[in-house]
Amino acid sequence: SQTIHQWPATLVQPVGSPLSLECTVEGTSNPNLYWYRQAAGRGLQLLFYSVGIGQISSEVPQNLSASRPQDRQFILSSKKLLLSDSGFYLCAWNPAGAVEQYFGPGTRLTVT
Amino acid sequence: GQQLNQSPQSMFIQEGEDVSMNCTSSSIFNTWLWYKQDPGEGPVLLIALYKAGELTSNGRLTAQFGITRKDSFLNISASIPSDVGIYFCAGQPSGTYKYIFGTGTRLKVLA
């Protein structure tokens with residue numbers, strides 16, 4: 001069966017520090033991968049998505065970037081965090097050719 | 001970013017009551033998805049809808065893909081306390097891999 005992992009589960013980082021969040025999917029090949037951010041009590045904002053290795057589409061201009069170094073690995077990065085980067089970061093995937101999208105457990109990021 | 005208009009924003013209901021919520025969009029969608037999110041967790045997929053007019057059930061949940069392809073509805077029958085959470089709709093526009101999410105309906109069930 002397919003499984004999606006995200007780590008770390010929680011993270012507290014000072015302003016100006018770098019960020020690296022990782023997402024991996026098991027049990028499938030060539031999935032579409034997504035990064036969302038959710039502010040407290042709000043909806044989901046799509047940040048990046050990828051339909052293949054090295055293919056990244058950015059939805060929101062910001063100081064975040066994404067990379068897909070392997071088929072089932074999706075990484076969200078920042079060189080210098082801002083206070084406004086705080087939030088709940090969710091990775092999601094759907095099987096290639098399918099429309100059902102499944103979410104990981106999320107990473108709670110607090111920038112202090 | 002673009003979001004769907006989801007209503008109601010929140011609702012308190014008595015245990016055993018039926019619940020209805022809906023999402024509307026100015027754009028046509030090819031797919032509608034409904035999720036439930038518990039605090040501190042990722043959303044869990046409840047129902048997927050694939051074509052206009054489709055009516056699909058999952059236990060006490062029933063969802064419909066609107067005929068105009070611009071709206072969708074979710075009904076929960078005989079609510080129970082564990083139905084508490086935030087429900088999100090999501091739509092996938094034609095010709096894109098993106099999903100647009102609704103603003104969420106926060107459901108609270110009073111025992």
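Now for a description of the structure that goes with this document. This one's a predicted model, so the numbers in the text were calculated from it and none came from an experiment.

**Structural notes on the overall build of chain B**
For chain B, the count of helices and strands is zero helices and eleven strands. Counting helices and strands in the order they occur from the N terminus, chain B gives β-β-β-β-β-β-β-β-β-β-β. In summary, chain B has a C-alpha radius of gyration of 13 Å against a globular reference of 13 Å for 111 residues, a match within 12%. Dimensions of chain B, computed from C-alpha atoms along their principal axes, come out at roughly 45 × 30 × 20 Å. In chain B, once contacts between residues fewer than 6 apart in sequence are set aside, the share between residues at least 24 apart is 54%. As presented, chain B carries roughly 5200 Å² of accessible surface, and 50% of it is formed by carbon and sulfur atoms. Both charge centroids of chain B, one from 8 positive and one from 8 negative side chains, sit 11 Å from each other.

**Section: the packing of aromatic side chains**
For the coordinates displayed, the defined rule picks out eleven aromatic pairs over all chains. Taking 5.3 Å as the distance between ring centres and 80° as the angle between the ring planes, the aromatic pair formed by A:Y36 and B:F101 counts as edge-to-face. Placement of A:Y36 in strand β4 (residues 32-38) and of B:F101 in strand β10 (residues 100-101) is noted, with the two residues assigned to different chains. Across the pair, B:F101 and A:Y36 agree in class, each one buried. Aromatic pair A:F103 and B:Y35: ring centres 5.3 Å apart, planes at 85°, arrangement edge-to-face.

**Considering the state of the cysteines**
Residue and element names in this part refer to chain A. As enumerated under the stated definition, the model contains two disulfides over all chains in all. Disulfide pairing is shown between C23 and C91; the S-S distance is 2.0 Å. Around the S-S axis, the bridge from C23 to C91 shows a dihedral of about -75° and counts as left-handed. Placement of C23 in strand β3 (residues 19-26) and of C91 in strand β9 (residues 87-94) is noted, with a sequence separation of 68 residues between them.

**Notes on the sheet that holds strand β6 (residues 55-58) of chain B**
Residue and element names in this part refer to chain B. With antiparallel pairing, five strands are arranged side by side in an open sheet as β1-β3-β8-β7-β6. Edge positions in the open sheet fall to β1 (5-7) and β6, since each of these has one partner strand only. Put simply, the sheet's adjacent strands are angled 15° from each other on average, direction ignored. Where strand β7 (residues 61-65) and strand β8 (residues 71-76) come together, five bridges link them in antiparallel fashion. Counted as the bridge partner of F65 is S72 from β8.

Calculation criteria
Residues numbered from 1 in each chain as written. Chains lettered and ligands numbered in written order. Predicted model: local features only at pLDDT ≥ 70, side-chain atom pairs only at ≥ 80, totals over all residues. Heavy atoms only, no water. Helix = DSSP H or I, 4+ residues; strand = E, 2+ residues; numbered from the N terminus. Rg over C-alpha atoms; globule rule 2.2 N^0.38 Å. Contact = heavy atoms within 4.5 Å. Areas by Shrake-Rupley, 256 points an atom, 1.4 Å probe, with all protein chains shown as cover. Lys, Arg positive; Asp, Glu negative; His and termini not counted. Charge placed at Lys NZ, Arg CZ, Asp CG, Glu CD. Phe/Tyr/Trp six-rings, centres within 6.5 Å; stacked < 30°, edge-to-face > 60°. Buried < 20%, exposed > 50% of the residue type's maximum accessible area, 1.4 Å probe, protein only. Disulfide = S-S within 2.5 Å. Pairing = 2+ DSSP bridges. Axes fitted to C-alpha atoms, helices over the stretch in contact; angles between N-to-C directions.

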